[in-house]
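A look at the structure
What follows is the residue order along each chain.
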Amino acid sequence: MNVGYRVARRAGTHPLLLRKYALMDRASRRAGRLTDFGDPRFEEGLDHLIDSIESEDRLNGFGRILAASHITNLLRQRLLFTEHLRRHPEIHNEIIEKPIFLIGAPRTGHAR
């Protein structure tokens, strides 16, 4: 995969380009065809992220696949969250008086 990716890049082609609407469409399919991403202001940040990945191009082919997968999963979660809020508007009226914040390193899934 990485060898093929490097050869294609040297030839001037751009395999595995990250395209916002393609990622959003893939997320929609994975979320059961939901299409409401909620407030569209998030798209500006998504554009910056994609532009950064494309312009810096420090990821190899596998890294680009992982980046696309991660972005797609985040978009899918946004769709599901927006749908949950639509179905349960009473959530907006909840008052959190004493929030609890958990801070720490993310889990790696590695068992000791």
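Quantities reported herein were computed from a predicted structural model and do not represent experimental measurements. (Residues numbered from 1 in each chain as written. Predicted model: local features only at pLDDT ≥ 70, side-chain atom pairs only at ≥ 80, totals over all residues. Heavy atoms only, no water.)

**Brief notes about the environment of Ile50**
Condition: Runs of E in the DSSP output that reach at least two residues are strands. Runs of H or I that reach at least four are helices, and both are numbered from the N terminus. The buried label goes to any residue with under 20% of its type's maximum accessible area, the exposed label to any with over 50%, and the partly exposed label to all in between, with areas taken from a 1.4 Å probe on protein chains only. Contact criterion: two residues are considered in contact whenever any of their non-hydrogen atoms come within 4.5 Å of each other.
By secondary structure assignment, the location of Ile50 is in helix α3 (residues 42–56). We classify Ile50 as buried; its relative accessible area is 6%. Linking Ile50 and Ala67, residues 17 residues apart in sequence, is a C-alpha distance of 9.4 Å. What Ile50 contacts, discounting residues up to four positions off in sequence, is Leu18, Arg19, Lys20 and Leu23.

**With respect to the confidence of the model for the protein chain**
Rules: What pLDDT reports is the predictor's confidence in each residue, on a scale of 0 through 100.
On average, residues of the protein chain score 87 in pLDDT, and 81% of them reach the 70 mark or higher. Ranking the elements of the protein chain by mean pLDDT puts helix α1 (residues 2–10) last, at 60, and helix α2 (residues 20–30) first, at 97.

**Describing unusual backbone geometry**
With phi around 70°, Arg33 is a residue other than glycine that occupies positive phi space. Structurally, Arg33 is set in the loop between α2 and α3.

**As for the packing of α3 against helix α4 (residues 61–87)**
Quick reminder of the rule: With axes taken as lines fitted to C-alpha atoms, and helix axes fitted only over the stretch in contact, angles between N-to-C directions fall between 0 and 180 degrees. By definition in this entry, angles of less than 35 degrees are roughly parallel, angles greater than 145 are roughly antiparallel, angles of 65 to 115 are roughly perpendicular, and the rest are oblique. Think of it as three bins: nonpolar holds Ala, Val, Leu, Ile, Met, Phe, Trp, Tyr, Cys and Pro, charged holds Asp, Glu, Lys and Arg, and polar takes everything else, Gly as well.
Two elements in contact, α3 and α4, have axes whose closest approach is 12 Å; the angle formed by their N-to-C orientations is 175°. Overall, the two elements α3 and α4 adopt an arrangement that is roughly antiparallel. Contacts between α3 and α4 pair Phe42, Leu46, Leu49, Ile53 and Glu54 from the former with Arg64, Ala67, Ile71, Leu75 and Arg78 from the latter. Class assignment of the residues belonging to the contact of α3 with α4 gives a composition of 7 nonpolar, no polar and 3 charged.

**Some remarks on the nonpolar core**
A general feature of soluble globular proteins is that nonpolar side chains tend to end up buried together. Note the threshold: We define the nonpolar core as a collection of buried residues of types Ala, Val, Leu, Ile, Met, Phe, Trp, Tyr and Cys that are connected through side-chain atoms lying within 4.5 Å of one another.
In terms of nonpolar packing, the biggest core is built from 15 residues, with Leu18, Leu23, Leu46, Ile71 and Leu75 touching the most fellow members. Looking at this core, the elements that each hand over two or more residues are α2, α3 and α4. Residue contributions to this core peak at 5 residues, all from α4.

**Overview of α2**
Helical geometry: 3.6 residues make up each α-helical turn, so side chains three or four residues apart lie on a common side. To keep things clear, this is the line we draw: An arc is given here, and it is the one of the directions from the helix axis to the C-beta atoms.
Within α2, burial applies to Lys20, Leu23, Met24, Ala27 and Ser28. All buried residues of α2 fall inside an arc of 140° around its axis, so they share one side. Looking at the buried positions of α2, the neighbouring elements they touch are α3 and α4. Backbone geometry just after α2 places Gly32 at a positive phi near 75°.

**As for the pattern of salt bridges**
Under the convention used in this document: Note on definitions: salt bridges are taken to be side-chain nitrogens of Lys or Arg within 4 Å of carboxyl oxygens of Asp or Glu.
As enumerated under the stated definition, the model contains 7 salt bridges in all. The residue Glu54 makes a salt bridge to Arg64 at a minimum N-O spacing of 2.7 Å. One end of the pair, Glu54, is in helix α3; the other, Arg64, is in helix α4, with 10 residues separating them in the sequence. Under the relative-accessibility criterion, Arg64 is labelled buried at 2%. Arg86 serves as the salt-bridge partner of Glu83, at 2.6 Å between the closest nitrogen and oxygen. Separated by 3 residues within a single helix, Glu83 and Arg86 lie in helix α4, roughly one turn from each other. Residue class for Arg86 comes out exposed when judged on its relative accessible area of 52%. Linked through salt bridges whose partners overlap, the residues forming this network are Lys20, Glu43 and Asp47.

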